[in-house]
Amino acid sequence: MPFPKGKSPKDIAKKVNAKIDHIINDQLEGALTAVIFAIGGNADFYVPVDTNALMNSRETNVVPYKSGYRATLGYYQKYALALHGSATYSPLWKPVDPFEREWRQESAKTFVGNGKGGWNPNATPRWIDRGVAETDIKGLFAEAMRI
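Residues numbered from 1 in each chain as written. Predicted model: local features only at pLDDT ≥ 70, side-chain atom pairs only at ≥ 80, totals over all residues. Heavy atoms only, no water.

## Description of a nonpolar patch on the surface
Phase 1 of the analysis: A surface patch of nonpolar side chains, amounting to about 310 Å² of accessible area, comprises Ile-12, Val-16, Ile-20 and Ile-24.
Phase 2 of the analysis: Mapped onto the secondary structure, Ile-24 falls in helix α1 (residues 9-44). (Patch = residues over 30% accessible without salt bridge, like charges linked within 9 Å, V, L, I, M, F, W, Y side chains within 5 Å. Areas by Shrake-Rupley, 256 points an atom, 1.4 Å probe, with all protein chains shown as cover. Salt bridge = Lys/Arg side-chain N within 4 Å of Asp/Glu carboxyl O. Helix = DSSP H or I, 4+ residues; strand = E, 2+ residues; numbered from the N terminus.)

Listed below in structure tokens is the structure:
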């Protein structure tokens, strides 16, 4: 006796596998979101602060990519690359203590900032790399992917 359309063991197995894939993809997207936010949170401890515009420009995205997802983290002020640097581009900035900054402002030739904003004593170039290094990525994934 043949099975009714859509009720054969093969058809049911396909539906079950499709549902499992859907659940795993939802969990994967959530896990990537948790990881990228954790990296961003850790990186924020090292972002240079003057007017806070750079830290406020942080964006995280998790988007479908090929057969999975892609997570991106970036700081999107025009000067972000100059301060952060990259594998091929050395940052143009070095942290300066605000007390040291005051005496440097006496001469326009050695001016290093506007001296009116905040200051992060932990600020460092390549802050995203520091955020990645200080994040337990495997642990976060394991926790988020637990069913």
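## Description of α1
Phase 1 of the analysis: In this model, α1 (36 residues) spans 52 Å end to end at C-alpha, consistent with the 52 Å of a helix rising 1.5 Å per residue.
Phase 2 of the analysis: Residues of α1 that are buried include every one of Gln-27, Ala-31, Leu-32, Val-35, Ile-36, Ile-39, Gly-40, Ala-43 and Asp-44, and no others.
Phase 3 of the analysis: Those residues of α1 that are buried lie in contact with α2 (53-56), β1 (58-65), β2 (68-75), α5 (127-133) and α6 (137-145). (Expected span 1.5 Å × (residues − 1). Buried < 20%, exposed > 50% of the residue type's maximum accessible area, 1.4 Å probe, protein only. Contact = heavy atoms within 4.5 Å.)

## Some details on the confidence of the model for the chain
Phase 1 of the analysis: Averaged over all residues, the pLDDT of the chain equals 82, while 82% of them reach at least 70.
Phase 2 of the analysis: The lowest-confidence element of the chain is helix α4 (residues 98-104), averaging 56 in pLDDT; the highest-confidence one is α5, averaging 94. (pLDDT = per-residue confidence, 0-100.)

## What to know about the pairing of β2
Phase 1 of the analysis: Judged from the 8 bridges that link them, β1 and β2 form a sheet pairing that is antiparallel. The residue of β2 that forms the bridge with Thr-60 is Leu-73. (Pairing = 2+ DSSP bridges.)

## Here we look at the nonpolar core
Phase 1 of the analysis: Ranked by internal contacts, the top residues of the largest apolar core, which has 17 residues, are Val-47, Leu-54, Leu-73, Tyr-75, Leu-83, Trp-127 and Ile-128.
Phase 2 of the analysis: Of all the secondary-structure elements, those providing two or more residues to this core are α1, β2, α3 (80-84) and α5.
Phase 3 of the analysis: It is α1 that contributes the most residues to this core, 5 residues altogether.
Phase 4 of the analysis: Beyond its immediate stretch of four places on either side in the chain, Leu-83 contacts Pro-48, Leu-54, Pro-91, Trp-93, Pro-125 and Trp-127. (Core = buried A, V, L, I, M, F, W, Y, C linked by side-chain atoms within 4.5 Å.)

## Points about the packing of α1 against α6
Phase 1 of the analysis: One way to put it is that α1 packs onto α6 with a least axis distance of 9 Å and a crossing angle of 145 degrees. α1 and α6 meet at a crossing whose hand is right-handed. Between α1 and α6, the residues in contact are Ile-24, Gln-27, Leu-28, Ala-31, Leu-32, Val-35, Ala-38 and Ile-39 and Ile-137, Leu-140, Phe-141, Ala-144 and Met-145, respectively. (Axes fitted to C-alpha atoms, helices over the stretch in contact; angles between N-to-C directions. Left-handed = near helix turned anticlockwise from the far one by under 90°.)

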